[in-house]
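# Descriptive analysis of the structure
Residues per chain, in single letters:
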Amino acid sequence: MSASQTQMRQEVLEIPQAAARLLDNQGDAVRAAADALRARNPGFLVSVARGSSDHVATYLKYASELLSGTPIASVGPSIASVYHRKLNLSGSACLSVSQSGQSPDIVEMARMARAGGALSIALTNDPTSPLAQVSDHTLYLEAGPELSVAATKTFVNSAVVGIWLLAECAQDAALLAAIHGLPDHLEKAVRQDWSQVIDALGSRNSLFCLGRGPASAISNEAALKFKETCQLHAESYSSAEVLHGPVSIVDAGFPVLALCAADEAELALAGVADQIADKGAAVFATTDQVKKATALPTVRSGHGLTDPIALIASFYAMVEQVATSRGINPDAPRHLKKVTETV
């Protein structure tokens, strides 16, 4: 790494190799967990996560519901760790997502879910972590060390291994092919030029991120990263909701980033992006279906459910540049540390 390159930048550029390593090494573990999930045939799943990991869980919620019609509900870790209650999860499955696998509340909720009858599957970058120890199956992220406070390659690999699990469970050949093609797409994605967004942000301190369906999880993650690494007030909205009130704060030049996958929601999201652009906002969208908003260069992955993973890789490359252009070190955001151990 050069002296002028941030740790976050280096880790973003490592995303394609980290994804390839995961796909090369974790096939047996993913297939074993998928076999167990298929045998359980749960009527529903629950997810346990916080922060960026919770955005992965939101992505997997949409993916599960679109792939197999199996709903995933997010459960609050405090139910187990603070309130000491038990949930009846008989016949279900629990997906716990945590890069460190150390936060006591996540671990306690995963333990309670298993005791309550759920098949417990952990997604973590530490296969020896407390979370792994209380789970039936552990899917190791293989992301390698992540030293920057901002999660990037661990987020991507959490999403990759999670969608891989669901695709193996559904035995969806087209989706599996797209997943295994991701490293090449991610190599291109981290090198996309989104400098127009940086220019539009200028000295502004507030913006919207938009998504719909699986891409709404990516919008949530983008808004968090703007706050975390750039000290910008970014809010994430579904394109189905932003016109129901939030749009009233839009003025001339107000920045908006619309994150669109190539799926059934693309045209609707593009239409909302154009409506907001028509009000004078500086709107950028990852689709060529817009007429008034600005289309950003975008890498498509060959499947609507894997497109969001390529989108977030391009976003990470851009947001690191936003931070450094503002004189902020994205490796060490103020008031934050790498592992947050919430009770």
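All of these numbers come straight from a predicted model, not from anything done at the bench. (Residues numbered from 1 in each chain as written. Predicted model: local features only at pLDDT ≥ 70, side-chain atom pairs only at ≥ 80, totals over all residues. Heavy atoms only, no water.)

Disulfides are covalent bonds that link the sulfur atoms of two cysteine residues. Taken as a whole, this structure holds 0 disulfides when the rule is applied. No disulfide involves Cys209; its sulfur sits 10 Å from that of Cys230, the nearest cysteine. Classification of Cys230 by relative accessible area gives buried; the value is 2%. (Disulfide = S-S within 2.5 Å. Buried < 20%, exposed > 50% of the residue type's maximum accessible area, 1.4 Å probe, protein only.)

The next subject is the sheet that holds strand β1 (residues 45–48). Taken in spatial order, the 5 strands of this open sheet run β2-β1-β3-β4-β5, and their pairing is parallel. Two strands lie at the open edges of the sheet, namely β2 (72–74) and β5 (137–140), each paired on one side alone. Neighbour-to-neighbour, the strand axes of the sheet open up by a mean angle of 20°, direction not taken into account. Bridge count between strand β3 (residues 93–97) and strand β4 (residues 119–124): 5 bridges; the pairing is parallel. Within the sheet, the bridge partner assigned to Ala93 lies in β4 and is Leu119. Together, β3, β4 and β5 form the strand contacts of helix α8 (residues 153–170), whose direction differs from that of β4 by roughly 150°. (Pairing = 2+ DSSP bridges. Helix = DSSP H or I, 4+ residues; strand = E, 2+ residues; numbered from the N terminus. Axes fitted to C-alpha atoms, helices over the stretch in contact; angles between N-to-C directions. Contact = heavy atoms within 4.5 Å.)

Running from amino to carboxyl end, helix α2 (residues 15–25) crosses helix α10 (residues 182–189) at an angle of 170°, the nearest separation of the two axes being 8 Å. Comparing the axis directions of α2 and α10 gives the class roughly antiparallel. Residues Ile15, Pro16, Gln17, Ala19, Ala20 and Leu23 of α2 pack against Pro183, Leu186 and Glu187 of α10. Its residues assigned to classes, the contact of α2 with α10 shows 7 nonpolar, 1 polar and 1 charged. (Parallel < 35°, antiparallel > 145°, perpendicular 65-115°, else oblique. Nonpolar A, V, L, I, M, F, W, Y, C, P; charged D, E, K, R; others polar.)

Attention shifts here to the pattern of salt bridges. Following the criterion strictly, the structure yields 14 salt bridges and no others. Here Glu108 makes a salt bridge to Arg111, at a shortest N to O gap of 2.5 Å. Taken together, the residues span about one helical turn, with Glu108 and Arg111 both in helix α6 (residues 104–115) at a distance of 3 residues. Taking relative accessible area as the criterion, Glu108 reaches 28% and is therefore assigned partly exposed. Linked through salt bridges whose partners overlap, the residues forming this network are Glu221, Lys225 and Glu228. (Salt bridge = Lys/Arg side-chain N within 4 Å of Asp/Glu carboxyl O.)

With that settled, the discussion passes to empty space enclosed by the protein. A complete count under the given rule lists 2 cavities of 30 Å³ or more for this structure. Within this model, the largest cavity holds a volume of roughly 40 Å³. Along the walls of the largest cavity sit Ser52, Ser53, Val56, Val97, Gln99, Ala151, Thr154, Phe155 and Ser158, which together make up its complete lining. Those elements that provide at least two residues to the lining of the largest cavity are α4 (51–67) and α8. Residue classes in the lining of the largest cavity are distributed as 4 nonpolar, 5 polar and no charged. Reported here for the second largest cavity is a volume of approximately 30 Å³. Together, Val197, Ala200, Leu201, Leu207, Pro255, Val256, Leu257 and Phe284 line the second largest cavity. Of all elements in the fold, only α11 (195–201) and β8 (255–258) reach the threshold of two or more residues within the lining of the second largest cavity. The residue makeup of the lining of the second largest cavity, split by class, is 8 nonpolar, no polar and no charged. (1 Å grid on protein atoms, 1.4 Å probe; cavity = no way out; pocket = protein on both sides within 12 Å on 5 of 7 lines; lining within 4 Å. Points joined across faces, edges and corners; volume = space filled by probe spheres on them.)

With that settled, the discussion passes to the nonpolar core. Ranked by internal contacts, the top residues of the largest apolar core, which has 80 residues, are Phe226, Ile309, Phe315 and Met318. In terms of residue count, the dominant contributor to this core is helix α14 (residues 307–325) (12 residues). (Core = buried A, V, L, I, M, F, W, Y, C linked by side-chain atoms within 4.5 Å.)

Here we take up α2. When α2 is considered as a whole, its buried residues turn out to be Ile15, Pro16, Ala18, Ala19, Leu22 and Leu23. Projected down its long axis, α2 carries its buried residues within an arc of 165°, all on one side. Its buried side turned inward, α2 meets α1 (7–13), β5, α8, α9 (173–180), α10 and α14. (Arc of directions from axis to C-beta.)

A positive phi angle is found at Gln171, which is not glycine, with a value near 50°. In this fold, Gln171 is placed in the loop between α8 and α9. Classification of Gln171 as exposed rests on a relative accessible area of 59%. Of note, Gln231 is a non-glycine position whose phi angle comes to about 55°, a positive value. Locating Gln231 in the fold gives a position in the loop between α12 (214–230) and β7 (233–238). For Gln231, a relative accessible area of 36% corresponds to the partly exposed category.

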